[in-house]
Amino acid sequence: MGSVSVSPRAARATAERIQPVPELEKASVHMKDPEHVKRVISALREAGADKLQVISDFDMTLSRFGFNGRRCPTSHNILDNSRVISEEGRKKLKDLLHYYYPIEIDPNRTMEEKCPLMVEW
Ligand SMILES: Nc1ccn([C@@H]2O[C@H](COP(=O)(O)O)[C@@H](O)[C@H]2O)c(=O)n1
């Protein structure tokens, strides 16, 4: 949420019309500045879907790591195992996962060693 910029004028305008966001009331949601988050969400709602641009990253910040003791799929896993990928493509992706994932979680490698390999992946 911190990277969404809202002009002071837009923030003031929306502050008066903030609608409740029930999802934000969940115990699992932690916010440094809840009022700012509410203002940003109101501004997003007001601007509409045409103005929305979503940028996500790929390191389990958006996807869940585990649930009920089981590992959740990453965003890559979902695509890798979907029917939009050919059988041959799925095999290649699985081979890449088996090669690169152990490197990603290897506690004996430095970030400097890992980074170029993760980019290569
Ligand atoms: N080509 C790739 C690259 C990365 N991964 C794994 O996905 C994790 C990121 O998961 P998100 O749900 O946040 O996208 C990353 O830590 C790698 O383990 C992959 O499977 N395929």
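Residues numbered from 1 in each chain as written. Predicted model: local features only at pLDDT ≥ 70, side-chain atom pairs only at ≥ 80, totals over all residues. Heavy atoms only, no water.

A.B. asks: When you look at the overall build of the chain in this model, what are you seeing that I'm missing?
C.D. replies: Within the chain, the regular secondary structure consists of five helices and two strands. For the chain, the sequential pattern of α-helices and β-strands runs α-α-β-β-α-α-α. The proportion of buried residues among the 121 residues of the chain is 14%. Just so you have it, the chain exposes about 10,300 Å², and 56% of that area is on carbon and sulfur atoms. (Helix = DSSP H or I, 4+ residues; strand = E, 2+ residues; numbered from the N terminus. Buried < 20%, exposed > 50% of the residue type's maximum accessible area, 1.4 Å probe, protein only. Areas by Shrake-Rupley, 256 points an atom, 1.4 Å probe, with all protein chains shown as cover.)

A.B. asks: Can you help me understand a nonpolar patch on the surface in this one?
C.D. replies: Taken together, the side chains of Leu 44, Leu 52 and Val 54 define a hydrophobic patch exposed on the protein surface, amounting to about 290 Å² of accessible area. Relative to the helices and strands, Val 54 is located in the loop between helix H2 (34-47) and strand S1 (66-67). (Patch = residues over 30% accessible without salt bridge, like charges linked within 9 Å, V, L, I, M, F, W, Y side chains within 5 Å. Salt bridge = Lys/Arg side-chain N within 4 Å of Asp/Glu carboxyl O.)

A.B. asks: It is not clear to me how the pattern of salt bridges should be interpreted in this structure. Could you clarify?
C.D. replies: Pairing is possible between side chains that carry opposite charge, provided their charged atoms lie close to one another. According to the stated counting rule, one finds five salt bridges in the structure shown. The shortest N-O distance in the salt bridge between Lys 92 and Glu 88 comes to 3.6 Å. Of this pair, Lys 92 and Glu 88 both sit in helix H4 (residues 87-104), four residues apart, which is roughly one turn of the helix. The salt bridge partner of Arg 109 is Asp 106, with a shortest N-O separation of 3.3 Å.

A.B. asks: Would you explain unusual backbone geometry in this entry?
C.D. replies: Leave glycine aside and you will find that most residues have negative phi; peptide bonds, for their part, are mostly trans. The backbone of Asn 68 shows a phi angle near 50°, a positive value even though the residue is not glycine. Along the chain, Asn 68 falls in the loop between S1 and strand S2 (70-71).

A.B. asks: Sorry, what's going on with H4 here?
C.D. replies: Each turn of an α-helix holds 3.6 residues, which means side chains three or four residues apart point in the same direction. For H4, which comprises 18 residues, the first-to-last C-alpha distance of 25 Å matches the rise-based estimate of 26 Å (1.5 Å per residue) to within 8%. Along its length, H4 shows its largest kink, about 25°, at His 98, and proline Pro 102 lies within four residues downstream of that point. Of the residues making up H4, those classed as buried are Gly 89, Tyr 100 and Ile 103. Buried positions along H4 lie against helix H5 (111-120). (Expected span 1.5 Å × (residues − 1). Bend = angle between axes of the 7 residues up to and from the residue. Contact = heavy atoms within 4.5 Å.)

A.B. asks: What is the right way to look at the packing of aromatic side chains in this model?
C.D. replies: Think of a pair of aromatic rings as described by two things: how far the centres are apart, and how the planes are tilted against each other in angle. For the structure shown, the criterion picks out two aromatic pairs. Ring centres of Tyr 99 and Tyr 100 lie 4.8 Å apart, and the angle between their planes is 90°; this geometry places the pair in the edge-to-face category. Owing to a relative accessible area of 6%, Tyr 100 belongs among the buried residues under this scheme. Seen in terms of ring centroids, Tyr 100 and Trp 121 are 5.7 Å apart; in terms of plane orientation they differ by 10°. Their pairing is stacked. In this pair, Tyr 100 sits in helix H4 while Trp 121 sits in the segment after H5, placing the two residues 21 residues apart along the sequence. An aromatic cluster is built from Tyr 99, Tyr 100 and Trp 121, whose rings are joined through pairwise contacts. (Phe/Tyr/Trp six-rings, centres within 6.5 Å; stacked < 30°, edge-to-face > 60°.)

A.B. asks: I keep staring at the side chain of Asp 80 and nothing clicks. Help me out?
C.D. replies: Within the secondary structure, Asp 80 sits in helix H3 (residues 75-80). No salt bridge is formed by the buried Asp 80; the nearest opposite charge belongs to Arg 90, separated by 9.4 Å. In this view, Asp 80 contacts Ile 85, Arg 90 and Leu 93; residues no more than four positions away in its chain are not counted. (Lys, Arg positive; Asp, Glu negative; His and termini not counted.)

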